[in-house]
Each structure stands twice: as C-alpha cells, then as structure tokens.
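Chain by chain, the residues run as shown.
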Amino acid sequence: MKILREVLEDGKPISQVAESHGVHPNNIFNWRKQLFEEGLQTFQIKRSDISNKAEERVIHRLEEKIKHKDEIIAELAGELLELKKNYSGRL
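Residues numbered from 1 in each chain as written. Predicted model: local features only at pLDDT ≥ 70, side-chain atom pairs only at ≥ 80, totals over all residues. Heavy atoms only, no water.

Undergrad: What is the right way to read the pattern of salt bridges from this model?
TA: If the charged atoms of two oppositely charged side chains come close together, the side chains can form a pair. Per the stated rule, a full pass over the model turns up three salt bridges. A salt bridge links R5 to E9; the shortest N-O distance between them is 3.4 Å. Taking relative accessible area as the criterion, R5 reaches 49% and is therefore assigned partly exposed. With relative accessibility at 58%, the residue E9 sits in the exposed group. Taking the shortest distance from any N to any O, the salt bridge between D70 and K69 comes out at 3.0 Å. Accessibility expressed as a relative area gives 40% for D70, which makes it partly exposed. (Salt bridge = Lys/Arg side-chain N within 4 Å of Asp/Glu carboxyl O. Buried < 20%, exposed > 50% of the residue type's maximum accessible area, 1.4 Å probe, protein only.)

Encoded structure:
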C-alpha cells in the first residue's frame, strides 16, 4: 500500500518508485489493477446493501398501505351491508 500510495497520491512515476523499493514495475501495475478491481467490488457491495435496505423500507410502506386499504374496504363493506338491511326493510 505504501508503494501504491507513492504512485497514486504523490504522483511519483512508477519506474522511480519501483527502483527505489527494488520491485519490478509490472508488480506495481498489477497491484494497482488489483486495488481498483477489489475496491470497486467493495463499493458495489455497499451499494447493494443500501439498495436492499431501501427496498425493504418501500416494501414495508406498501404493505402498510395495503393493510390500511383493506381496513377501509372492510369498514365500507360493513356500512354498505347495514344500509342494504335498513333500505330493504322500507320497501
């Protein structure tokens, strides 16, 4: 990480950093590639977790709306039944 930090944060040339640390420049290129690929996976997992939590909240909210709608329908159906009983008795 120290070597990659010199290249990425300090902007030093890979050849210079490789020579100062006694490593082949290809190693640094490979490490950098690996860091970016694995780093991308780390962020994708976090986004996935956030998306799942957001989906769960939406699902919960929609389930609550359905429950409320069902309660209203049941109440209206009861009132309609009562009105039909009262109205049919008047005929």
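After presenting the structure, the write-up continues.
Undergrad: How should the nonpolar core be read in this particular structure?
TA: As a rule of thumb, nonpolar side chains are buried together in soluble globular proteins. Membership of the largest hydrophobic core is limited to seven residues, which are I3, L4, V7, I14, V17, A18 and I28. Elements supplying a minimum of two residues to this core: helix 1 (2-8) and helix 2 (14-21). Dropping the residues within four chain positions of it, I3 is found in contact with V17, H21, I28 and W31. (Core = buried A, V, L, I, M, F, W, Y, C linked by side-chain atoms within 4.5 Å. Helix = DSSP H or I, 4+ residues; strand = E, 2+ residues; numbered from the N terminus. Contact = heavy atoms within 4.5 Å.)

Undergrad: Help me understand the environment of H21, please; the structure alone is not making it clear to me.
TA: Mapped onto the secondary structure, H21 falls in helix 2. On the basis of relative accessible area, H21 is assigned to the partly exposed category, the value being 31%. When the C-alpha positions of H21 and I3 are compared, they lie 7.8 Å apart, and in sequence the two are 18 residues distant. Setting aside anything within four residues of it in sequence, one finds H21 in contact with K2, I3 and E6. Reaching out from H21, the side chain makes a polar contact with the side chain of E6 at a distance of 2.8 Å. (Polar contact = N/O pair within 3.5 Å; in protein donor to acceptor, adjacent residues only side chain to side chain.)

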